[in-house]
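One letter stands for each residue in the lines below.
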Amino acid sequence: MMRRFYFDRAIDRRGTNALALEGYAEYLFGNKPPPSVPNELLPMWVADMQFAAPPAVIDAMQARLAHPIFGYTGHFDDTLFHAFNRWCETRYGWSVVREHLQLSLGVIPALYTIVDLVCQPGDKVVTLSPAYGYFSKAANRNGVKLVTSRLSMDDWYPRIDFDDFAAKVRDPRVRLFFLCHPHNPTGCAWSADELIKLADLCHDNDVLIVSDEVHCDLLRQGGVHQPLSKLRPNDTNIVTCMAPSKTFNLAGLMTAMVLIPDERLRRAWRDSHYPFVNPLGLAAAVGAYDNGGPWLDELRDYLDANLVALDELLRTNLPLARFRIPDATYLAWIDLSAYFPEGCNLTQFFLARCGVVLEGGDMFIENGQGAIRLNVACPQNQLIAAASRIIEGVRRRD
Ligand SMILES: Cc1ncc(COP(=O)(O)O)c(C=O)c1O
């Protein structure tokens, strides 16, 4: 098949204030000095891509730039709703209700708001661990606490311990469940059975689910995302978060969709959440959902090929590493515990020894020791260079 988009191009992000390249030290090492780096840095960590945004997005932003006023902007004309709803109907067979749709300057700010609206001091939020680090930042505030139910990774595929999860949600102080679907960092797309079991347990215990589906468009080719709310159409106890940010590499444009079916919660949200959006972000999101489909389909092929290449390199060179090509996401979750002593800081190790910026498993709240998360959304030769450095680093670890 003829390719229309070119993902092999290396794009230098220096000088753009990119978190991936220029902000890693503070994010990963806090106020400790980061190690010095032996060679040119390969950023393989934060979940954005080293690829140009789709032409459909850039065209839409250029059209918006032709109008010279960038004042306060809302979603008054419903264009994003129509574009997003068409996307959801075509891609997941699921329709969005206009009145449920709220916009947010990202999924993360939405998580903060929902915790504030739902929890009192002493309340708890539950999630499955390992988990995306911001879940803990959003939950552990104002006397609220994050609790976890650990995924078992025996065959390096995450399994939910439903007895443990049931015990957690039975605690009357647990008010919220942060579900990550597909799951960061393991890349697992939960099955309909698993989703329904989780939703039943939350429903029976009056626990609100925030279904963070920000990675929902990045399933392996042929996979189809199942929004939790599609499986539970009448459940007002589910807030769904989606965004064009991961799908089309637009995280800096700060536009996310939050679907809140419960009327009281929606009213409370409207009373407290900052309601305006970035006009370029809005234009970009509409352009992406209206015309970005063909780009995404080719991107998915490219990511699939990158993951196959990584899998082969690991199998051949690090036979004790555990890795499964994830169902979704461009994040590879790799167990290296056979090669390193417990407690080894793998973020530090791979940066200092190899110049590869990646996230060690301990960045994912808990239950990730000994693993690394490698972002493969980059030109394949960058991925191969990073994997080769990682392999070499493991071989010479002593
Ligand atoms: C599970 C999950 N939720 C949310 C986000 C960030 O969303 P946003 O950029 O829309 O705030 C990320 C980014 O990595 C993520 O992995």
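Look above for the structure.
Please read all numbers here as calculations on a predicted model, not as lab measurements. (Residues numbered from 1 in each chain as written. Predicted model: local features only at pLDDT ≥ 70, side-chain atom pairs only at ≥ 80, totals over all residues. Heavy atoms only, no water.)

Asks: Explanation requested: the sheet that holds strand S11 (residues 359–360) in the structure shown.
Replies: Across a sheet, strands are paired by hydrogen bonds formed along the backbone, either parallel or antiparallel in direction. On the basis of which strands lie adjacent, the open sheet formed by three strands has the order S9-S12-S11 and antiparallel pairing. Each edge of the open sheet is held by one strand with a lone partner, namely strand S9 (331–335) and S11. In the sheet, S9 pairs with strand S12 (residues 371–375) via five bridges, with the strands oriented antiparallel. Bridged to Ala332 within S12 is Leu374. (Pairing = 2+ DSSP bridges. Helix = DSSP H or I, 4+ residues; strand = E, 2+ residues; numbered from the N terminus.)

Asks: Would you mind showing me how to read the pairing of strand S2 (residues 101–104) here?
Replies: The side chains of a regular strand alternate between both faces of the sheet. Because side chains alternate across S2, one face comprises the buried residues Leu101 and Leu103, and the other comprises Gln102 and Ser104, equally buried. Summarising the sheet, S2 and strand S8 (residues 256–259) pair through four bridges and their orientation is antiparallel. Paired with Ser104 across the bridge in S8 is Ala256. (Buried < 20%, exposed > 50% of the residue type's maximum accessible area, 1.4 Å probe, protein only.)

Asks: What exactly am I supposed to notice about the environment of Ala285 here?
Replies: Inspection of the secondary structure puts Ala285 in helix H12 (residues 279–291). For Ala285, the residues in contact, after removing those within four places along its chain, are Leu80, Pro244 and Thr255. (Contact = heavy atoms within 4.5 Å.)

Asks: Any chance you could explain the pairing of S12 here in plain terms?
Replies: With five of five residues buried, S12 lies mostly within the body of the structure. On S12, burial covers both faces: Ala371, Arg373 and Asn375 on one face and Ile372 and Leu374 on the other are all buried. Direction of pairing for S11 relative to S12: antiparallel, over a ladder of two bridges. What sits directly across from Glu359, in S12, is Arg373.

Asks: When you look at the packing of helix H14 (residues 346–354) against helix H15 (residues 380–395) in this model, what are you seeing that I'm missing?
Replies: The geometry of a pair of packed helices is captured by two quantities: the angle between their axes and the separation between those axes. Packing of H14 against H15 brings their axes to within 10 Å, and their N-to-C directions diverge by 100°. It follows from the interaxial angle that H14 and H15 lie roughly perpendicular. Across the interface between the two elements, Phe349, Phe350 and Cys354 from H14 touch Arg389, Ile390, Gly393 and Val394 from H15. Tallied by class, the residues present in the contact of H14 with H15 amount to five nonpolar, one polar and one charged. (Axes fitted to C-alpha atoms, helices over the stretch in contact; angles between N-to-C directions. Parallel < 35°, antiparallel > 145°, perpendicular 65-115°, else oblique. Nonpolar A, V, L, I, M, F, W, Y, C, P; charged D, E, K, R; others polar.)

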